[in-house]
Each structure stands twice: as C-alpha cells, then as structure tokens.
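Each chain, letter by letter, is given below.
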Amino acid sequence: MANRLTAALRHSWDSDVAWSFRHSPYAIAAAVAFLLCVGSAVFAPWIAPHNPFDLAQLDLSNSLKPPAWLDGGDAAFPLGTDDQGRDILSTILFGARISLLVGICSVLFSMALGVSLGLLAGYLGGKTDAFIMRVADVQLSFPAILIALLIDGVARALLPGAHDSMAFYVLVLSIGVSGWVQYARTVRGSTLVEKGKEYVQAARLFGIHPLAIMGRHVLPNVLGPVLVIATIHIATAIITEATLSFLGVGVPPTEPSLGTLIRVGNDFLFSGEWWVTLFPGVALVVMVLAINLLGDWLRDALNPRLRT
Amino acid sequence: MPAFIIRRFLQAIVVMLVVALVAFSLFQYVGDPVQLMMGQFATPDDRIRLTHELGLDRPFYVQFYHFVVNAVHGQFGVSLRIGKPVSVLLAQRIPATLELSICAALLALAVGIPAGVYTGLRPNSWLARAILSLSLLGVSLPTFLIGILLILVFAVKLGWLPAFGRGDVVPLGWWTTGLLTRSGLASLILPTITLGLFQLTLIMRLVRSEMLEVLRTDYIKFARARGLTDRAINFGHALKNTLVPVITITGLQLGSIIAFSIITEQVFQWPGMGLLFIQAVSYVDIPVMSAYLCLIALVFVTINLIVDLLYYVVDPRLRIDRPGAAPR
C-alpha cells in the first residue's frame, strides 16, 4: 500500500506537473503565500510576539491600541490590540492555526466518509448504490452551510452543558458531513470504470474479500481526482468554519479562530477600531485565495492526464 | 410522464418527512415540558395526569403523527425565548427576508448576465481579464466579510448608508415593505450587494462559459457566413441559447440565497427569518429552530421539484433518459 502510494505520488509529481508549476507565476505566488500561512500557523507559539492566551501577559491599559504606524500606536503591537489588550498579530497567528486545523480535519473527515461511501456505492451497486446516491442527491440540493448549521444546532441541543469543550469536534463533524457528497460522486464514477478492468476481475477470481479489493486495488486508482477536490475543499471548509464562528456557533472566544476574531472585532467597528476586525479578515482572505489559486492550478495541471 | 412526476413528488414528501423527523426529535432531547410546567410542588399524580393530557405518554409514532399534522397546519408551538407562537414570529419575519433575497437575485441577474456576455464575447480584452480576476477574489471573500467591509467603508467611514436594520417600513395588509420609504431603500442597498455578490460571480462565470461554448458551434459560424450583424448573432442566437441553464441555476440558487441570507441578516441585523433562526440556535430555542428547518426545507424541496419538472418540459431528451439521478 505504502509503495503504491509513493509510486502514485511520484507519478503525479512527474516532470509535467513540475514544469507547469515552474511556469505559472500565480501558482508559485500562491504556494509561497500558502506555505507562509501554514508555517506561521504551525509555529505560532514560537514566532508570535505575545501569547494572547496567557492572562498574566495581558494588560488592560494596552487595550484597543491602533496599529503601530498610526498615532498612539505601540511598536510592541504591530497591528494594534483588541479590547482585552491582546496583540492582534498574535491572535491572528493563533487563530489561523485553529482555522487551518478545523479546515484540514473536516476535509479529511469528508474525504474518508465520501471516499468509502463512493467506493461502496460504485463497487457493490444495486440497492446500496441507489440508497447512497439518493441521500447524496437530497443533500446536494441543500447548501452546505445550512447542513453544517443544522448539525451544529442539533449538537448544541444534545450537549447543552458540554458544548464549549466539544466545539472543535462538533465543527469538524458538521463541516465534514456537509461536504462528503462531492467525493462520493467522483469516487463512485471512477470505481464504476475500474470495476470492469481485468485486475479487479483477477482479484475477485483469487477470492479476495470485496473490502480488500476496494481498499487495496481500487482505491489507489481512484484517488487522483479526490486529491484535487480536497485542495479546493480546504478553502471552502475554512470559509464555512469562519462563517459558523462568525455566526456565533463555532469555536468559543476563549480559543478563537479567524472567524471568531472577526466576530469579536465586528463589535468595535462603529466606535472606529477597525483594525480589530480588518486584519483577521485580510488574513482569512489571503489564506483562502492562496488555496483556491493552488487548487485551480492543480486541477488544470492534472487535467490533461486525467483525460488520457 | 405521470410516473416521473409522481415519483419526484413522492421523493419530495419523503425528504420533508425526514426533515420533520429531525425537527421533531430535537424536542425529544431537550428539557422535560412536564417539569417546566408543573414547578416543584407537583405530586406524582398531577405529573402523570399532565403527561397524559399533553399526550407525552403515547408511543413515538403517534406523537410524530400529531407533530406532522400540526406542522402542516403551521403550528409549531411557542418560542421558548420570546414567548409568542412561532407561526406568528415567522410570519412577521418573512417579508424582510423575501424582499432582501429577491432584490439580491435581481441584482445578480442584472449585473451578472451582461458581465458574463461581455467576458464571453471578448475573452482576451483587459477589462474581461480584470472582471475575471475580481470574480476569483469575490469567490474567496466570505459573505460576512464582504458585509463588514461594506459597512466599514460606506457606513462608518463615509456615512452614506445605514449599517443595520430595515429603516422605516410600510404595512401592506400582513406584509410589511421597506421599498416605499427613503430610509427603507437606503438600508436595503448594502445587504443586497452583500447577499447578491456571490451569486453574481456565479452567474457571470456560468454565462461566460456557456457563451464561449455556444460561439464555437456550427450554427453561429453559419449565421456569420450569412452575413448577419454581430448584434443579431450575439444576442439573437448566442445569448438566447445560453439562457436555459442560467434560468435553472438561478431558480436553484434562489433557495440558497434565502439560506445564505442568514449570514447577511446577522451582519446587518436585518430583522428576517435568518436572524430569528441564528438567535434560536444560540439560545437552543427548539420550536423556532424546528419551524425554520421545516420551512426552509419546504422552500428547497418545492424549488427543486419545479426545476425538475421544468427540465422535463424544456428538454425532451430527459423523457427517454434516466429519470433516477437529479439533473445537475
């Protein structure tokens, strides 16, 4: 399995794609921006100038300072501070960490769910297929944000007290479940094609268990398009998370994601403290735009190969 | 033909029943209404009597049946937070949401189609490239952020437009409209742009790719060979043929506009159903949540049903082809 995967990876990163990457300034810029975002998110605890969650470091006299280049700004707080005297730059770095984590976890969850259901539907066919695809069709007719909001609302009703501590898992679950359909449809389509090929028939003749055939033989061959969908889906998942947090049903303010920061900052918009909400917003857009551009490029770069 | 319609209709009913089941089961997990109504001095006998009166001792399916019957009549009980019947609350809020959604849809069509036609006709001009790059930015900007930026620029910095609320409204029977007053119209502008922008980019990209597709076909080449004017070719032949998918997508998107209005309403504190719903979610106000769910599901199911039927009428190929999967 591992061998096949690395072989598949090497295969998809062959000279074609590398060439297309070297000749696309957008892709390079997006990749640099994305790596910067990921890097600063991962290393937030070490590179952030302050720790916004260490209560001992907070000083209310530093509250609502404007960015350093404006009158009254403080060089210690390059992008200004919020109402509790937290450094905006540091909260953005920590917030991006949570946004990215929720985004990636929920995409992995969607992918696992969608790929397994798609494999089952495509390989088994018949009633299983009809049922899974029926559910997919119904879910597809509702927008993902509504499904995520519904699951989040139900989870809130089910866990009235423990919600804040479970918020992360509830978010991953609700965003993950709202996004599986695309994977299932793609995987089902390619599974239907793979199913008829000789290697699958040979595996069946050997008497290998259907689940093993699906997992070991069919799966590696249908994974290509899934990776492309997943890249773009990370951007969507991050936006969904930010939206839910902005609506006040995402992660709690004690562990803010970018969406929560924007929500908190929104309260200060009218009193003129625009930096509290604007900078997290810019960070969010840069991150999402970089991922979208990378995803678009990846799709175009892989497309001629997918057709052959 | 009738078999297809009946099948679609039955599917719609099954979807509605599943949504109703979800909405109903919300009630099962939250609080004990008997406890809430009796207070602490109730005897066990009182308790049993009230449980019986409320019908809570009956089997699950009987209770569910009553829930569905009440829901069909528009009865969802009383809001836990506001203390008024949910049906009254929703009816008050519907006009605000519908006015906003329809204005946003009109804006998306009025700007999206011309922009799409232009970028389709002149794909290499600098303006078309600029519009396309902007649209990618539009897709990457979450709705709520667009709203916040608009508020920051036009309400806080420039002070031209109101940042929240609906302005003065005029009652017309049970409907209230903000379209007849100056402040109502002014308050409508920013939310409409916020809600419509995403749909606008969607429609523009759709029209553009359809135009590019159609302009390559033989009948357009033939029309050019006949010496028709550009105007007649571009608008009489090409645009007309792109409109079928545009109309269906717009129809399908109307549902999402209503759903996405939750976000816009929260940003602008617009007193519509979405704001009611999001407040209900944070306060775990179950009757409002379940009523909104059922209502929005009804909207979606109806729109999908109509679009499916329209497809069937418009596209004769579907009458032979697979009736199973939903057209996308």
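Residues numbered from 1 in each chain as written. Chains lettered and ligands numbered in written order. Predicted model: local features only at pLDDT ≥ 70, side-chain atom pairs only at ≥ 80, totals over all residues.

**Some words on the overall build of chain A**
Right, so step 1: Assigned secondary structure in chain A consists of 13 helices and zero strands.
Right, so step 2: The order of α-helices and β-strands along chain A, N terminus first, is α-α-α-α-α-α-α-α-α-α-α-α-α.
Right, so step 3: Going through the 308 residues of chain A one by one, you find that 45% of them count as buried.
Right, so step 4: Considering only residue pairs separated by 6 or more positions, chain A has 70% of its internal contacts joining residues 24 or more positions apart. (Helix = DSSP H or I, 4+ residues; strand = E, 2+ residues; numbered from the N terminus. Buried ≥ 20, exposed ≤ 12 C-beta atoms within 10 Å, placed from the backbone. Contact = placed C-beta atoms within 7 Å.)

**Describing the interface of chain A and chain B**
Right, so step 1: Contact residues are listed per partner, giving 35 residues for chain A and 33 residues for chain B.
Right, so step 2: Mapped onto the side of chain A that touches chain B, the elements with two or more residues apiece are α6 (126-140), α7 (144-158), α11 (210-246), α12 (258-266) and α13 (275-307) of chain A.
Right, so step 3: No other element matches the nine residues that α7 of chain A contributes to the side of chain A that touches chain B.
Right, so step 4: Grouping the constituent residues of the side of chain A that touches chain B by class yields 25 nonpolar, eight polar and two charged. (Nonpolar A, V, L, I, M, F, W, Y, C, P; charged D, E, K, R; others polar.)

**Quick word on the packing of helix α10 (residues 198-205) of chain A against α11 of chain A**
The angle between the axes and the distance between the axes are what describe a pair of packed helices.
Residue and element names in this part refer to chain A.
Right, so step 1: Following both chains from N to C, one finds α10 and α11 inclined at 150°, their axes separated by 11 Å at the closest point. By the criterion of interaxial angle, the relationship of α10 to α11 is roughly antiparallel. Two packed elements cross with a definite hand, and for α10 against α11 that hand is right-handed. Along its contact with α10, which presents Y199, V200, A203 and R204, the element α11 presents I213, H217 and V218.
Right, so step 2: Of the residues contributing to the contact of α10 with α11, the split by class is five nonpolar, one polar and one charged. (Axes fitted to C-alpha atoms, helices over the stretch in contact; angles between N-to-C directions. Parallel < 35°, antiparallel > 145°, perpendicular 65-115°, else oblique. Left-handed = near helix turned anticlockwise from the far one by under 90°.)

**Details of α10 of chain A**
Right, so step 1: Along α10 of chain A, only zero of the eight residues are buried, which leaves the element largely exposed.
Right, so step 2: In the stretch just after α10 of chain A, G207 of chain A is the one whose phi turns positive, near 80°.

**Focus: the nonpolar core**
Right, so step 1: Counting 154 residues, the largest nonpolar core has F277 and Y292 of chain B as the members making the most contacts within it.
Right, so step 2: Broken down by element, this core gets its largest block of residues, 17 residues, from helix α5 (residues 88-124) of chain A.
Right, so step 3: Residues within four places of Y292 of chain B in sequence aside, it is in contact with M273, F277 and A280 of chain B. (Core = buried A, V, L, I, M, F, W, Y, C linked by C-beta atoms within 7 Å.)

**Re unusual backbone geometry**
Residue and element names in this part refer to chain B.
Right, so step 1: Unlike most non-glycine residues, Q269 shows phi in positive territory, near 50°.
Right, so step 2: Among the secondary structure elements, Q269 is positioned in the loop between α10 (230-268) and α11 (273-283).
Right, so step 3: Using a count of 12 C-beta atoms within 10 Å as the deciding quantity, one classes Q269 as exposed.

**Notes on the packing of helix α7 (residues 143-157) of chain B against α10 of chain B**
Residues and elements named next belong to chain B.
Right, so step 1: At their nearest, the axes of α7 and α10 sit 9 Å apart, and the two run at 30° to each other. By the criterion of interaxial angle, the relationship of α7 to α10 is roughly parallel. For the pair α7 and α10, the sense of crossing is right-handed. Where α7 approaches α10, its residues T143, F144, G147 and I148 are matched on the opposing element by F260, I263, T264, V267 and F268.
Right, so step 2: Of the residues assigned to the contact of α7 with α10, the class counts are six nonpolar, three polar and no charged.

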